[in-house]
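Letter by letter, the chains look like this.
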Amino acid sequence: MTSPAETAPAPQLRERSEIDDRFKWDLSHIFAGWTEWQAAFDELDTKIGAYAALQGTLAQGPERLLAAMKLSDDIGQLTYKVWYFASLKYDEDQRDNTINARRQQVQILFAKASQASAWFNPELLKIPLPTVQQWMVLHGELAMYRFAIEDLYRQQEHVLDDKGERLLSLSSRFSSNPHDAYAALSTADIKYPLVPLSAGGQVTLTYGQYRAILATNRSQGDRAAAFTAFHSLFAANVNTYASLYNGVLQRDWFHAQAREYKTTLEAALHGNNIPSAVVENLIDATKGGTEPLRRYHRLRKRVLGLETYHNYDASIPLVDFDRKYPYDTVVESLPPSVAPLGAEYQRHMREALAGGWIDVYENPGKRSGAYSAPVYGVHPYMLLNHNDTLDAAFTVAHEMGHSMHTILSNAHQPFVYSAYTIFVAEVPSTLSEALFLDYMLTKATDDRERIVLLQHAIDGIVGTFYTQVLFADFELQAHRLAEQDQPVTADGLSEIYFNLLKAYYGDALDYDELSRVTWARIPHFFSTPYYVYQYATCFASSAQLMQQLTTGSDVDRAAAIDRYLTLLKSGGSDHPMTLLQRAGVDLSRPEPVRAVVDQLDGLVTRLERAIQALG
Ligand SMILES: [Zn+2]
């Protein structure tokens, strides 16, 4: 017999119709109903046809280029509404086949739209940039598109001639093969082991169950058994994993060389115009700031009363605490928590919370997780599955940060710059969580709650910052093996990972041989190389902004608020590094990382005090 690992009791699941309307989003803000949606869908289809008909006109002059840019904006705006109405409706109950069919209809239309617009970039790029720049000087309305147009030319620097591009496009058919094989090996074909638990019964050790045991099971023996069983799965095929990862590395190096980048990192960062030094500096500065991380784990070992302290002991809560955070109390706390961002920000947030924007509770068939959907021309919608836990409370703060970014960006940018890049997206969500934590800490009356809040914040820094930088470091070192014609073997990759663990955790951890193979179970390495560092740069940016917003004189803080709101209002109107620099964050310097290290240091000190107070 299998029994699930200890988990919190699931909240009562209600039918959607039984949930009060004030806890549901109101999609009539987008369209009154499916009839109006269909009309917009047809209009979109017509406009996509009209766009295709513009092919061959750009060279005729600025009016023609402007007409194409404007029609593209029109199509884009309509796309948000048509897509999200169907997609949000679908997420209310994914069992509904009729709505699923409509959602797929939009996806098919998108494929048609991308074919209908494929001519634009090559045709524009045939016109010399100075000519287009001249047009922008003469034509005021066209000047608005300057950044978008010039960035297309900048991206062009590494585009090959037609023959070269065709050759590269032929390789795309097998370039996802290492990842596809990884997914098959690590998910589809994996045989999850049964692990016996000390309290009796046994667990089928999926990744979800593995995480649940590490986060809730108070028996160190059970956690150790789960760790050993789970990592043995990867150790058993480690040479195959290494060979697949070598496929990723060689593919990336092939593309970088074909496009004449000096390194794979340079190729990966070119799209957002980020210098390689940002990632190198992030890695170096973080390695120099591991002491508070080690201090936290030494403290955990002492508080948990463990003889030895392992990787698998790092996520168990320090104290038991079962306070609930009902949605209404979270909503009450949010606007006061963002007081440091000023009255304008609070006013926008109250509007977002007032009604019809947020889908709060779980119901049968509803999509899991949480997101903020930027419906241009309407307002952001937020999907939650609020279950009264502390994590759920912070999720509301997080998604609200994304939504505020959308509100301010959409209000201040023309459509073409309204969307922001991933490189800045997690800055406002992280900052929103940090402000919420500060507020909750000032409100907390009991030491247990204080400990739980502090652990939540610290684990957030460890997981979204330190671990992601360690991952980025691993990816960089592994890619360099390929770039420098070094062999890529399972032993070599495991050695890199093990040395990184030791560089971060030092004497704070007792090391298990099996943790060497951890790299083989990180899907990001195989699916999206050089991606995870962005979580860390967002976190560091947010930490430095938080410092500027909450310390210093009134005048300094007012200036920091102004710079921060300007960042949110800037959307995607410039490269992310430039936008962040204007907000007071220079990611090519060590200060943002130091802000995270200082933040963690302060939180660990507060945690020590709260534990002492508990006695
Ligand atoms: Zn987010």
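Residues numbered from 1 in each chain as written. Predicted model: local features only at pLDDT ≥ 70, side-chain atom pairs only at ≥ 80, totals over all residues. Heavy atoms only, no water.

This part takes up the overall build of the protein chain. A tally of regular secondary structure across the protein chain gives 26 helices and 5 strands. Radius of gyration (C-alpha) of the protein chain: 26 Å, near the 25 Å computed for a compact globule of 615 residues. Here the C-alpha coordinates of the protein chain stretch approximately 75 × 60 × 55 Å along the principal axes. Residue burial in the protein chain is summarised as follows: out of 615 residues, 50% are buried. Here the contacts in the protein chain between residues at least 6 apart in sequence split such that 75% fall between residues at least 24 apart. Just so you have it, the protein chain exposes about 27,300 Å², and 51% of that area is on carbon and sulfur atoms. (Helix = DSSP H or I, 4+ residues; strand = E, 2+ residues; numbered from the N terminus. Rg over C-alpha atoms; globule rule 2.2 N^0.38 Å. Buried < 20%, exposed > 50% of the residue type's maximum accessible area, 1.4 Å probe, protein only. Contact = heavy atoms within 4.5 Å. Areas by Shrake-Rupley, 256 points an atom, 1.4 Å probe, with all protein chains shown as cover.)

Binding of the zinc ion to the protein goes through His398 (NE2), His402 (NE2), Glu426 (OE) and Glu426 (OE), at separations of 2.1 to 2.5 Å. Classification of the site at the zinc ion as irregular follows from its 4 donor atoms and the range of 53 to 138° in their angles at the metal. Here the donor residues of the zinc ion share one chain and are spaced in sequence as H-x3-H-x23-E. Within this pair, whereas His402 is found in helix H18 (residues 390–412), its partner Glu426 is found in helix H19 (residues 422–443), the two being separated by 24 residues in sequence. (Donors = N, O, S within 2.8 Å, 3.2 Å for Na, K, Ca; no water. Tetrahedral: all angles 85-135°; square planar, octahedral: opposite > 155°, others 65-115°.)

In a structure, side chains of opposite charge can pair up when their charged atoms sit close to one another. On inspection of all chains with the given rule, the structure shows 32 salt bridges. Bridged by salt links that share partners, the residues Arg16, Lys89, Glu92, Asp359 and Lys366 form one connected network. (Salt bridge = Lys/Arg side-chain N within 4 Å of Asp/Glu carboxyl O.)

Time to look at the packing of aromatic side chains. Describing an aromatic ring pair means giving the distance of the ring centres and the angle of the ring planes. Applying the stated rule across the entire model yields 37 aromatic pairs. Considering the side-chain rings of Phe23 and Tyr361, the 5.1 Å spacing of their centres and the 65° angle between planes classify their relative orientation as edge-to-face. Of the two residues, Phe23 sits in the segment before helix H1 (34–52) while Tyr361 sits in the loop between strand S3 (358–359) and strand S4 (371–374), which places them 338 residues apart along the sequence. Side by side, Phe23 and Tyr361 carry an identical accessibility label, which is buried. Across from the ring centre of Tyr361, 5.0 Å away, lies the NZ or CZ of Arg14, which sits over that ring. In this structure, Arg102 packs its charged tip against the face of Trp34, placed 4.2 Å from the ring centre. (Phe/Tyr/Trp six-rings, centres within 6.5 Å; stacked < 30°, edge-to-face > 60°. Lys NZ or Arg CZ within 6 Å of the ring centre and 35° of its normal.)

Time to look at the packing of helix H23 (residues 533–550) against helix H26 (residues 591–614). At a closest axis distance of 7 Å, the pairing of H23 and H26 adopts a crossing angle of 75°. As the angle between them shows, H23 and H26 are arranged roughly perpendicular. Packed against H23, whose contacting residues are Phe539, Ala540, Ala543, Gln544, Met546 and Gln547, the element H26 presents Glu591, Pro592, Val593, Ala595, Val596, Asp598 and Gln599 at the interface. (Axes fitted to C-alpha atoms, helices over the stretch in contact; angles between N-to-C directions. Parallel < 35°, antiparallel > 145°, perpendicular 65-115°, else oblique.)

When the pLDDT values of the protein chain are averaged, the result is 94; 98% of them are 70 or greater. Scored below 50 in pLDDT, residues 1–10 shows 20 contacts in the model against residues more than four places distant or in partner chains. (pLDDT = per-residue confidence, 0-100.)

So, on to the pairing of S4. The two faces of a sheet get side chains in turn, since along a regular strand they alternate between them. Where S4 and strand S5 (residues 380–383) come together, 4 bridges link them in antiparallel fashion. Residue pairing across strands places Ser372 opposite Met382, the latter belonging to S5. Counting the residues between successive antiparallel strands, the hairpin from S4 to S5 contains 5 residues, one of them, Gly377, with a positive phi of roughly 85°. (Pairing = 2+ DSSP bridges.)

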